[in-house]
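Below, each chain spelled out in residue letters.
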Amino acid sequence: MRPPKTLSTKTILSKLDPVKIKEDVEEREIEFKRTVGNTIISSLVTVMQKRKRSEKKHPKKFYRKVTMAISKKRPAEENVVRFIVLGNAGIPNYHVGMKFEGIHAAIGDKLVSLKDNIDFVVMTGDNFLGKGVWGCDDPQWEKVWFERLKVEELGVPWFTVLGDRDMLGDASTQYNFHKCEGKERMSKYWITPSENYLLVIDETVKMLFVNTNRKKSKVSRWIRKNRPNIVVGHHFIPQKSQGEGQAVENFITYISGHEPVLKHVKEGKTSYIVVGTSGDLMTYSFSDCPNAVTMDGMDGCGNGPTEHYNHKSYGFALITVAKDDNAKQVELHTYHHYENGRSHWDVQIG
C-alpha cells in the first residue's frame, strides 16, 4: 500500500506571509509529577531557548532543542516511551456557538482513561480551527484545549506543530504561550517552543517537529544531522526517492495530520502514521447556515444535512516506542456515534 498523497493545497499555503516572532526567554525547566498506583512518575522537560542573532531574521532556518527525562517509571515500562497523537483536534466554528457533542465531548474522558500509560501528547496541527487563535486571551485555549481535553487531569506535557489553519491566526502565540501573563496554569503543559524543534527523550528517542507550511526550510539537513527516530509535521512529506514536496530521508517513522484520515501505513522500514480525525466536523456538509453545525446533524438554522461527505472514523493514535531498537506498536482508537445517541470506542493494533 502506498502512503497517502500530498494535497495540492500545500502550494497555496507556501504563499502565506511569515509570522512575526517575539523575543524569547533563554531557557526554562518544567517538572511534571503524577502518581500511578504506588509509583510516582516524574518528568523533567528542559527547553533550550538560546538563539543566534541571525535567527531573529530567519526563524524558519533554525530549530530549538528540548530534552525530556522520565524517571521512576514502572519496571516493565522503563525501556519504552508511550504517547498519544491527536490531529485536527479543534472545534469548528467555536466562536459562533458550536456545541460540544459527539467526539468533541467524549474525547477528553477517553484520553484520561489512558493517562496512567502515557508520557506525553503530540498534536499534528490544526490545533485550533477557523483561523487558529488570535492571541493569549483567545477563549479556545481554555475551553477547546485545556478543559475539553482534560489537560490538567492528564498531567503530561504537550508537543505540537502548526497546521495551515493555525498559520492563519497569530501562530507565534502557539510557541510563545509560556510568556502569556496569567495563563501559567495552562501554559505549563503547552511546551511547543518554536516552529521547529528537536525533542530528545531520555537521551535515546529523538523526535523532530517541523513546520511544513514553510516552502523553504532545512528539514532534510536537520534529519541528516540528528537522525531522529520520528519526524512530526502537519502535511505528509514523501521519501526523497518520490521526488515531490519537502523530501526527507533517513527517518524511521513519520507522523502527520492535515488529511481527514486515521491510518498507519508501512513501506519498507518506514512507518507513515496519519492522524487528522481527532475533531472538526467530518460527518455532514450543509448548503446554508454553516456557522453553528452540531454533531447531531443540524445546522444553526435547524436544517438537516444535504449530504454525507466523509465516512472516516474520528479518533487518535496511541504509540509505543522501544528505546533500544525503535520497535513500535500503533493503536488506532476510533469513535463511533449512532443515531439513537449511543456511542463506543474501538481499538485496532497495527
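Presented here is an overview of the structure given in this document. As the structure is a prediction and not an experimental result, all values here were calculated from the model.

## Quick look at the side chain of Asp 202
Step number 1: With respect to the helices and strands, the residue Asp 202 is situated in the loop between strand E7 (197-201) and strand E8 (205-209).
Step number 2: Taking relative accessible area as the criterion, Asp 202 reaches 19% and is therefore assigned buried.
Step number 3: Looking at Asp 202, its side chain comes within polar contact range of the main-chain nitrogen of Ile 70, at 2.8 Å.
Step number 4: Within the local environment of Asp 202, its side chain forms a polar contact with the side chain of Lys 323, the two groups lying 2.6 Å apart.
Step number 5: Leave out the neighbours within four places in its chain, and Asp 202 touches Met 68, Ala 69, Ile 70 and Lys 323.

## Quick word on the environment of Lys 33
Step number 1: Within the fold, Lys 33 resides in strand E1 (residues 27-36).
Step number 2: Among the residues examined, Lys 33 registers a relative accessible area of 60% and is labelled exposed.
Step number 3: The spatial distance from the C-alpha of Lys 33 to the C-alpha of Ile 70 is 10.0 Å, given a sequence separation of 37 residues.
Step number 4: Setting aside anything within four residues of it in sequence, one finds Lys 33 in contact with Ile 41 and Ser 42.

## A word on the nonpolar core
Step number 1: Ranked by internal contacts, the top residues of the largest apolar core, which has 64 residues, are Phe 83, Leu 86, Trp 145, Trp 158 and Met 207.
Step number 2: Top element by residues in this core is strand E15 (residues 314-322). It accounts for 6 residues.
Step number 3: Among all residues touching Trp 158, those that are not within four sequence positions of it are Leu 86, Val 121, Met 123, Trp 145, Leu 149, Val 151, Tyr 189, Trp 190, Ile 191 and Thr 192.
Step number 4: Judged by nonpolar contacts, the second largest core, of 13 residues, contains Leu 208, Trp 222, Ile 223 and Val 265.

## Observations regarding the sheet that holds strand E11 (residues 262-267)
Strands belonging to one sheet form pairs held by backbone hydrogen bonds; the direction of such a pair is parallel or antiparallel.
Step number 1: Strand order in the open sheet made by the 9 strands is E1-E2-E3-E7-E8-E9-E10-E12-E11, with mixed pairing throughout. Since the sheet does not close on itself, it has two edges, and those belong to E1 and E11, each with one partner. Mean inter-strand twist for the sheet, computed between neighbouring axes without regard to direction, equals 15°.

## Looking at helix H8 (residues 219-226)
Step number 1: Those residues of H8 that sit buried are Val 219, Trp 222, Ile 223 and Asn 226. End-on view of H8: buried residues confined to an arc of 100°, all on one side of the axis.
Step number 2: Contact partners of the buried residues in H8: E7, E8 and strand E9 (230-232).

## Brief notes about helix H3 (residues 140-147)
Step number 1: Within the sequence span of H3, burial applies to Gln 140, Trp 141, Val 144, Trp 145 and Phe 146. Axial view of H3: buried residues confined to an arc of 160°, hence all on one face.
Step number 2: Residues of H3 that are buried in the fold lie against strand E5 (120-123), helix H4 (151-154), strand E6 (158-160), helix H6 (171-174) and helix H7 (184-187).

## With respect to the environment of Trp 222
Step number 1: You can see Trp 222 is positioned in helix H8.
Step number 2: For the pair Trp 222 and Val 210, spaced 12 residues apart in sequence, the C-alpha to C-alpha distance is 9.8 Å.

## Here we look at the packing of aromatic side chains
Step number 1: The full count for this structure, using the stated rule, is 18 aromatic pairs.
Step number 2: For the ring pair Phe 83 and Phe 120, a centre distance of 4.9 Å and an interplane angle of 10° mean the geometry is stacked. Taken as a pair, Phe 83 in strand E4 (residues 80-86) and Phe 120 in strand E5 lie far apart in primary sequence, 37 residues in all.
Step number 3: By relative accessible area, Phe 83 is classed as buried at 1%.
Step number 4: Taking relative accessible area as the criterion, Phe 120 reaches 0% and is therefore assigned buried.

Rules used throughout
- Residues numbered from 1 in each chain as written.
- Predicted model: local features only at pLDDT ≥ 70, side-chain atom pairs only at ≥ 80, totals over all residues.
- Heavy atoms only, no water.
- Helix = DSSP H or I, 4+ residues; strand = E, 2+ residues; numbered from the N terminus.
- Buried < 20%, exposed > 50% of the residue type's maximum accessible area, 1.4 Å probe, protein only.
- Polar contact = N/O pair within 3.5 Å; in protein donor to acceptor, adjacent residues only side chain to side chain.
- Contact = heavy atoms within 4.5 Å.
- Core = buried A, V, L, I, M, F, W, Y, C linked by side-chain atoms within 4.5 Å.
- Pairing = 2+ DSSP bridges.
- Axes fitted to C-alpha atoms, helices over the stretch in contact; angles between N-to-C directions.
- Arc of directions from axis to C-beta.
- Phe/Tyr/Trp six-rings, centres within 6.5 Å; stacked < 30°, edge-to-face > 60°.

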